[in-house]
Amino acid sequence: MTASAPLICPSILASDFAKLGAEVAAIEAAGADWVHVDVMDGHFVPNITIGPDVVKALRPHARIPFDVHLMIAPVDPFLEAFRAAGADYMSVHPESGPHLHRTLRRIRELGAKPGVVLNPATPVEIVHEVMEEVDLVLVMSVNPGFGGQSFISSQLRKIERIRRMLDQAGSKAVLQVDGGVNVDTAKRCVEAGATALVAGTAVFKGGPGVYADNIRALKGA
Ligand code: DX5
Ligand code: ZN
């Protein structure tokens, strides 16, 4: 089977924060499939980024789905606010609350698409337990917290294993990879079975004039 082009989800963490609205509009115009929003609390991960008010302010600047990656603990008290702000996908780490299954159900109840995120050291088996509850499985190929880190190659085996698990179960969930994705690692992720790629540095490097080229290069990888 030949793999089809992956969805490209630029992480606005690597964009110009002084021009966020224009950056979101620019990546949409450049062919991005989703807007990936990294939400960090300085507690679950060692960095602080943006909250629901910023997501709400950005939402009218693009029509493509907002893919909100929640790196906050506890996560449950904030689900409603991010959904109200316009999140279409909401992805959570199992370590960010005591009841992953309940959190995923709550996301669906709110009308968003639930995703589960696996850190480099999070075992793949957890995907089995929540397979029916998720529309997205996100494999972290860096430890979360910062953009611009190097891709951890051992995560390719994890992607392959999850690909098999999803196929065996007949799941149509998106298999997304996040961290250190560039033209070279993108190719390896797609070969391993990924269907969506998050990329910060690789999309935003060079400025708005080359976003379309950057996105095309990742899609073709
Ligand atoms: C890391 C974030 C990533 C990050 C990716 O915690 O989840 O989305 O912004 O950035 P790059 O593509 O630069 O590794
Ligand atoms: Zn992310």
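Refer to the structure presented above.
Here's what I pulled together on the structure shown here. Worth saying up front: this structure is predicted, and the values here are computed from it rather than measured.

Here we come to the overall build of the protein. For the protein, the helix and strand inventory stands at nine helices and eight strands. For the protein, whose C-alpha radius of gyration is 16 Å, the value lies close to the compact-globule estimate of 17 Å for 221 residues. Relative to its full complement of 221 residues, the protein shows a buried share of 54%. Counting contacts in the protein only where the partners sit at least 6 residues apart, residues at least 24 apart contribute 65% of the total. Summing over all exposed atoms, the protein offers an accessible surface of approximately 9,700 Å²; the carbon and sulfur share of this is 53%. The positive charge centre, built from 21 side chains, and the negative charge centre, built from 24, are 4 Å apart in the protein.

Below, the discussion takes up the packing of helix α6 (residues 155-169) against helix α7 (residues 183-192). Working note: a packed helix pair is described by the angle between its axes plus the distance between those axes. Relative orientation of the contacting elements α6 and α7 amounts to 30°, with a least axis distance of 8 Å. One element, α6, and the other, α7, form an angle in the roughly parallel class. Contacts between α6 and α7 involve Leu156, Ile159, Glu160 and Arg163 from the first element and Arg188, Cys189 and Ala192 from the second. Classifying every residue of the contact of α6 with α7 by side-chain character gives four nonpolar, no polar and three charged.

So, about the site of ligand 1. By nearness alone, 20 residues border ligand 1, and Asp38, Gly145, Asp178, Gly200 and Thr201 come closest of all. A distance of 2.8 Å is found between an oxygen atom of ligand 1 and a backbone nitrogen or oxygen belonging to Gly180. Within the side chain of Thr201, one N or O atom sits 2.4 Å away from an oxygen atom of ligand 1. Notes on ligand 1: free accessible area 380 Å², of which the protein chains cover 99%. Among the secondary structure elements, those contributing two or more residues to the shell around ligand 1 are β2 (35-40), β3 (66-71) and β8 (196-199).

Before going further, it helps to examine the coordination of the zinc ion (ligand 2). Tetrahedral coordination by four donors puts the ideal angle at the metal at 109.5 degrees, and octahedral coordination by six puts it at 90 or 180 degrees. Taken together, the protein donors to the zinc ion (ligand 2) comprise His36 (NE2), Asp38 (OD), His69 (ND1) and Asp178 (OD), at separations of 2.0 to 2.3 Å. Geometry at the zinc ion (ligand 2) is octahedral, judged from its six donor atoms and the angles of 67 to 165° they form at the metal. Sequence spacing of the donor residues for the zinc ion (ligand 2), all on one chain, is H-x1-D-x30-H-x108-D. Taken together, the residues His69 in strand β3 and Asp178 in strand β7 (residues 174-178) connect sequence positions 109 residues apart. Neither His69 nor Asp178 differs from the other in exposure class; each is buried.

The next thing to look at is the packing of aromatic side chains. For the structure shown, the criterion picks out two aromatic pairs. Where Phe204 meets Tyr211, the ring centres are 5.1 Å apart and the plane angle is 75°; that geometry is what we call edge-to-face. A relative accessible area of 7% means that Phe204 is categorised as buried.

Calculation rules
- Residues numbered from 1 in each chain as written.
- Chains lettered and ligands numbered in written order.
- Predicted model: local features only at pLDDT ≥ 70, side-chain atom pairs only at ≥ 80, totals over all residues.
- Heavy atoms only, no water.
- Helix = DSSP H or I, 4+ residues; strand = E, 2+ residues; numbered from the N terminus.
- Rg over C-alpha atoms; globule rule 2.2 N^0.38 Å.
- Buried < 20%, exposed > 50% of the residue type's maximum accessible area, 1.4 Å probe, protein only.
- Contact = heavy atoms within 4.5 Å.
- Areas by Shrake-Rupley, 256 points an atom, 1.4 Å probe, with all protein chains shown as cover.
- Lys, Arg positive; Asp, Glu negative; His and termini not counted.
- Charge placed at Lys NZ, Arg CZ, Asp CG, Glu CD.
- Axes fitted to C-alpha atoms, helices over the stretch in contact; angles between N-to-C directions.
- Parallel < 35°, antiparallel > 145°, perpendicular 65-115°, else oblique.
- Nonpolar A, V, L, I, M, F, W, Y, C, P; charged D, E, K, R; others polar.
- Near = heavy atom within 4 Å.
- Polar contact = N/O pair within 3.5 Å; in protein donor to acceptor, adjacent residues only side chain to side chain.
- Donors = N, O, S within 2.8 Å, 3.2 Å for Na, K, Ca; no water.
- Tetrahedral: all angles 85-135°; square planar, octahedral: opposite > 155°, others 65-115°.
- Phe/Tyr/Trp six-rings, centres within 6.5 Å; stacked < 30°, edge-to-face > 60°.

Without other data, these values stay purely geometric and don't point to any function.
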